[in-house]
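Structural features, examined
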Amino acid sequence: AQSVTQLGSHVSVSEGALVLLRCNYSSSVPPYLFWYVQYPNQGLQLLLKYTSAATLVKGINGFEAEFKKSETSFHLTKPSAHMSDAAEYFCAVSVASGNTPLVFGKGTRLSVIA
Amino acid sequence: EAQVTQNPRYLITVTGKKLTVTCSQNMNHEYMSWYRQDPGLGLRQIYYSMNVEVTDKGDVPEGYKVSRKEKRNFPLILESPSPNQTSLYFCASRAIQGNSPLHFGNGTRLTVT
């Protein structure tokens with residue numbers, strides 16, 4: 001079975017600073033990995049996904065994530081935080097079979113300080 | 001516009017009064033799912049459906065029912081709501097391939113008093 005661990009339930013950064021949100025996964029077969037963002041009072045939106053093509057994946061709003069098989073990680077980064085990035089971020093894992101639901105991490109709340 | 005539509009957005013009810021939260025998608029997705037979101041617990045899956053007339057329990061199915069009579073609709077039914085079902089609920093859908101992302105509705109905030 002797959003699992004996801006997001007390190008840090010709350011991360012706070014200054015505006016303009018690097019954003020790093022950590023995600024480690026466990027999967028016995030090659031995974032598909034996703035990052036979602038949830039703004040207040042909204043549903044989850046897809047930021048980016050890894051599907052075994054390139055290991056460095058670029059998403060919307062300047063975010064990117066790198067798949068590192070040796071570290072079983074899929075950390076989300078953004079070079080320069082903006083106030084509008086304040087939200088909750090979820091990492092999720094799936095596998096090739098569509099019969100397996102996505103498994104979500106518990107989420108990381110990102111605060112951006114002016 | 002491709003979307004998942006949930007209704008209502010907000011619902012306040014009393015213990016024991018049956019309710020239904022509707023969910024509809026217009027993307028012809030085979031897979032649909034219900035989640036509840038609670039502070040500190042993240043997203044927990046309630047039920048999911050791989051296709052019409054096929055439903056399976058997720059991590060927290062107790063107290064909930066679902067049905068999938070049509071491909072586009074996946075209603076969540078609480079036969080006898082209790083206060084511990086106060087939560088934010090999300091419906092989601094995706095194509096059957098494992099690399100397909102989930103598309104989420106905007107959520108239903110349910111309060112049971």
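As a starting point, this report considers the structure included with it.

About the criteria used
- Residues numbered from 1 in each chain as written.
- Chains lettered and ligands numbered in written order.
- Predicted model: local features only at pLDDT ≥ 70, side-chain atom pairs only at ≥ 80, totals over all residues.
- Heavy atoms only, no water.
- Contact = heavy atoms within 4.5 Å.
- Buried area = accessible area lost by both parts, 1.4 Å probe.
- Helix = DSSP H or I, 4+ residues; strand = E, 2+ residues; numbered from the N terminus.
- Nonpolar A, V, L, I, M, F, W, Y, C, P; charged D, E, K, R; others polar.
- Pairing = 2+ DSSP bridges.
- Axes fitted to C-alpha atoms, helices over the stretch in contact; angles between N-to-C directions.

At the interface, 23 residues of chain B touch 24 residues of chain A. Of the roughly 1,700 Å² buried between chain B and chain A, counting both surfaces, carbon and sulfur atoms make up 56%. Listed by contribution, the elements that provide at least two residues to the side of chain B that touches chain A are strand 4 (31–38), strand 5 (42–51) and strand 9 (87–94) of chain B. No other element matches the five residues that strand 5 of chain B contributes to the side of chain B that touches chain A. A per-class count over the side of chain B that touches chain A returns twelve nonpolar, nine polar and two charged.

All names here are of chain A. Read from one edge to the other, the open sheet built from five strands follows the order 1-3-8-7-6, with strand pairing classed as antiparallel. Strand pairing shows two members of the sheet lacking a second neighbour, strand 1 (3–7) and strand 6 (56–58), which therefore form its edges. This sheet shows a mean twist of 20 degrees between the axes of neighbouring strands, independent of strand direction. Strand direction decides the pairing type here: strand 7 (residues 64–68) and strand 8 (residues 73–78), joined by five bridges, are antiparallel. Residue pairing across strands places Ala65 opposite Leu76, the latter belonging to strand 8.

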